[in-house]
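# An overview of the molecular structure
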Amino acid sequence: MTGAGHPSVKITVPHAMARTVDRPALRQRLDELTRAHRVVVVSAPAGYGKTTALAQWAEKEARPVAWLSLDAFDDDPGRLFRGLLASVRAALGRGPDLHDLDVHEGDDDPSSALTALRRVRGPGAGARLRQSHVDALLVALEEAGRPLVLVLDDVHVLHAPGARDLLASLARYAPDGVHLVVAARYDPPLPVQRLRASGDLGALRREDLALAPEHVELVVAELGLDVDAATVHELARATGGWPAAVRLTGLALRDAPDPAARIRGLSVVPTPLADYLLEEVVGTLEPEVAAFVLDATAVQRVDAELARALHGDAGPALLEQCVRSGLFLAAFERAGAPTSYRWHELFAAQCQAVLRRSDPARFARVHRAAAEALGPSDLAAAVGHATLAQDPELATRLLLAGWSDAFVAGETGTLRRLVDAVGGPERDAADVVLVEAACRVLDADPAADTLVALARSRRDRLPADRRATFDVAEPLVSLHAARETGAGPETDVLDRAQALLAAADVLEPGTRALASYVVGSAEARLPAHDAEALVHLGEGARLAAEAGCVATELACLAEATVPLFGAGDLDGAARQARDVLLRADRLGWDDTAAIAPAHLVLGLVASVRGDGDEARAALQRTLELTTTRGRAVGLRAAVLLMAACLGAGDAAGLAQARADVASRADLLAGEPAVADLLRVVEARVLVEAGDARAGSDLLRRAGTGPGLPLARVWAADVHRRAGLREEAWSSLAGVPADPADAEVSVSLALTTALLHDAGGDARRAHEALEAALDAAEERQVLRPFGELGPELAGLLGSHLTWGTRHDAFVGARLSALSAHDDHRTAAYWELTEREREILLYLRSSMTAADVARALFVSVNTVKTHQRAIYRKLGVTGRRDAVRVAFERGLLAGA
């Protein structure tokens, strides 16, 4: 119901209001300022057309324009940064995810130039914005090498020091070609003196935006007001060129019998000019239109459905009539979404002031309707409207219906503000106090325990239905926080959460979705619980979608990728992970810890399939998302990143991954399976350093842990390389005979084959190897072939002679192994790369045509390379070529 993202309408350049007068001179002035200065300030009181002027200029600007409309919630530095990043991505591409980028004449490939921008990430929800985040954005903008104008509208809503510091950093350090435009009711908090001294500051003030008499004449003519030049000048003088006042006057007097006389009387109006003109405007509208305007201005943005909710079935038609009449509405158009309209802020505020003063009951009724309509999609706005209606019961009901989704998204700052907005006796109710406590628990606030105890003490005062929800929600909060922070064993979380799931069955979908998520995510991280996890997470996603809880739905889907991977569905897991990340990116939620499991699984799939670079990047992204939330997921990612760096020979990466593990060492006691995997990875480090016996001793001293199947297989290989076959077989005894996990299945069969081979049982060795090849080629599991040492190359080589259904696949694996072998003889390198590749196939039963199909070349090409191999080896045929290659060490195996 709410979340970490920025609605696309906030990063969309608004259309100018209907019947807005074009001001080419002002547009040219803006163009000159944005080209001559790095920072442009547009500063004037409400109603001076700041947004309109910038929107008209942006519509015709050739450079990309990144637009961000700010509101009070953007005063959070992390949220502000995410909004800036979303707007820049939208401007430099066709959408926030930067897919299908536009190519501009003379540009390098944009998809290449903007790689760094894709990698820029903000802090996760609830995490602190750091200077490193800002620096990464500035560096990415410089590397992109594209001109850009970044427009921030309504900057006066920023008060937090962190938000202002972010703005100042952009102003001072934006790279060449990037220009910043800030619009506010007063000068924003920028290093003005320094910028002015360096010539980097341009400004548009009230006097620049005020309408000259000739512009006033165009406005009144556009609105159909028939007055002479003297009256136009009087209107310009009386209003000071204030665009809102001029427009209000035109709307108010266009049907008056003597508009000139009314204009001459403006200077003696006893009430504030805006109030007077607004009442005049409303008074000239048809009664049903006037009533609609007073109702519909209750919301900042309105579309047809919201108009119906606020004013009944006639609402959509009346909205269209307002648009045609040229009232204060600016259109926002988004692909695949209905057009929405934004009221001019001054006009809407004045309308609401009139409604509150003239009919307080109706004012409250309209805001209650707005709260009900917005509840499923925008919790913050809904609670705000309920508060304006002075209806704490409604605010409480909306908060309790939607808080769990914001909680999963990590939006604790937003939730705490909404709790404070409830007010009255409801603010002290047990379940409202629990929401605040939940935020503090997730933020590791020491006051959390006190608030939880306070909530429990007030539980009996709740009505029966709210008490039942509280009884499920209260332990779920602690369980979810324990899962996020890794405080306590997962098995304990699982036992307690499963007991709650039955109780949640009779509650509303949002709470049931949260319960299913907590249970499923706990199951997903324990061995042999994949099937149960998929059931509960699937149910959680369904319930969340039903309740409109988008963050919980995405969290369930992201978490479900882990058991999908564990069940052996690599393609399905990767596909779902990519879908989750694409949705999260479009919603602006790509920095929340709830989606970290999707990155983890993409790293696992890439690693299994031999793409080490992609694997390390995905695992590193998992770590970035889990610095404060989801640290248990980050711990797993760090251990797996150690393994990936070890396999790639990346010593620096291995050291950093080990440091990342150390920073999460407090979680290891509650994650015994991960601790066991860490020991095995450290043992493999010793093996790669040439001390297999030390690695084996490390594992034997630690004893048998809970044993993830992959850890047991890796441990067996450590013992095998140390020459301790009995210990190796003992480690494998704890692995299921037919594991669902694709990598475990292949690694188990390969290790078994090598153990049989070392024991002299060639038949069983080749049978196990063939089983490994069956699974590996079908699922494209490649990593184990590169990790099991030179003995595997020899066994694979002899397997071609023994006979296999996978000649081409074996040849490709041998070719990959040889590419990383540093111990080849000089004679070997006399062959070309293609000749070395074909040499691997010569020992199999494949014909020249078979080899050609495997290598995607012609038969003649294969035969040409064969003749070159024979010549270089001094032989006349295939059998002799294989024999000589063995003798010279060009082929491994017996």
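Note that the structure is a prediction, hence the values are computed from the model and not measured.

A few words now on the overall build of the chain. Regarding its fold elements, the chain presents 48 helices and eight strands. In the chain, buried positions account for 58% of the 894 residues. If you take every contact in the chain between residues at least 6 apart in sequence, the share linking residues at least 24 apart comes to 69%. Summed over all atoms, the accessible surface of the chain reaches about 35,800 Å², with 52% contributed by carbon and sulfur.

Glancing now at the nonpolar core. In terms of nonpolar packing, the biggest core is built from 142 residues, with Phe785 and Leu796 touching the most fellow members. Broken down by element, the residue count for this core peaks at twelve residues, all from helix 33 (residues 631–648). When sequence neighbours within four positions are dropped, the list of residues in contact with Phe785 reads Val746, Leu750, Leu773, Ala776, Leu792, Leu796, Phe809, Arg813 and Leu817. Formed by 85 residues, the second largest nonpolar core is a distinct cluster that contains Val246, Cys322, Tyr341 and Val433.

Before going further, it helps to spend a moment on the sheet that holds strand 1 (residues 39–43). The parallel open sheet is built from five strands, whose spatial order is 2-3-4-1-5. Each of the sheet's edge strands pairs with one partner strand only, and the pair in question is strand 2 (65–69) and strand 5 (201–204). Mean inter-strand twist for the sheet, computed between neighbouring axes without regard to direction, equals 15°. With five bridges connecting them, strand 1 and strand 4 (residues 178–184) associate as parallel partners. Bridge pairing links Ser43 to Ala184 in strand 4. On top of the sheet, helix 1 (residues 24–36) reaches strand 1, strand 4 and strand 5; it is set at about 165° to strand 5, its chief contact.

Let us now look at the packing of helix 45 (residues 833–842) against helix 46 (residues 848–855). When two helices pack together, their arrangement is given by the angle between the helix axes and the distance between those axes. The interhelical angle for the contact between helix 45 and helix 46, taken along N-to-C directions, is 125°, at an axis separation of 11 Å. With respect to their mutual orientation, helix 45 and helix 46 come out oblique. Here helix 45 runs over helix 46; the crossing is right-handed. Residue-level inspection shows Arg834, Glu837, Ile838 and Tyr841 of helix 45 in contact with helix 46, the latter providing Val851, Ala854 and Leu855. Counted by class, the contact of helix 45 with helix 46 contains five nonpolar, no polar and two charged residues.

Parameters at a glance
- Residues numbered from 1 in each chain as written.
- Predicted model: local features only at pLDDT ≥ 70, side-chain atom pairs only at ≥ 80, totals over all residues.
- Heavy atoms only, no water.
- Helix = DSSP H or I, 4+ residues; strand = E, 2+ residues; numbered from the N terminus.
- Buried < 20%, exposed > 50% of the residue type's maximum accessible area, 1.4 Å probe, protein only.
- Contact = heavy atoms within 4.5 Å.
- Areas by Shrake-Rupley, 256 points an atom, 1.4 Å probe, with all protein chains shown as cover.
- Core = buried A, V, L, I, M, F, W, Y, C linked by side-chain atoms within 4.5 Å.
- Pairing = 2+ DSSP bridges.
- Axes fitted to C-alpha atoms, helices over the stretch in contact; angles between N-to-C directions.
- Parallel < 35°, antiparallel > 145°, perpendicular 65-115°, else oblique.
- Left-handed = near helix turned anticlockwise from the far one by under 90°.
- Nonpolar A, V, L, I, M, F, W, Y, C, P; charged D, E, K, R; others polar.

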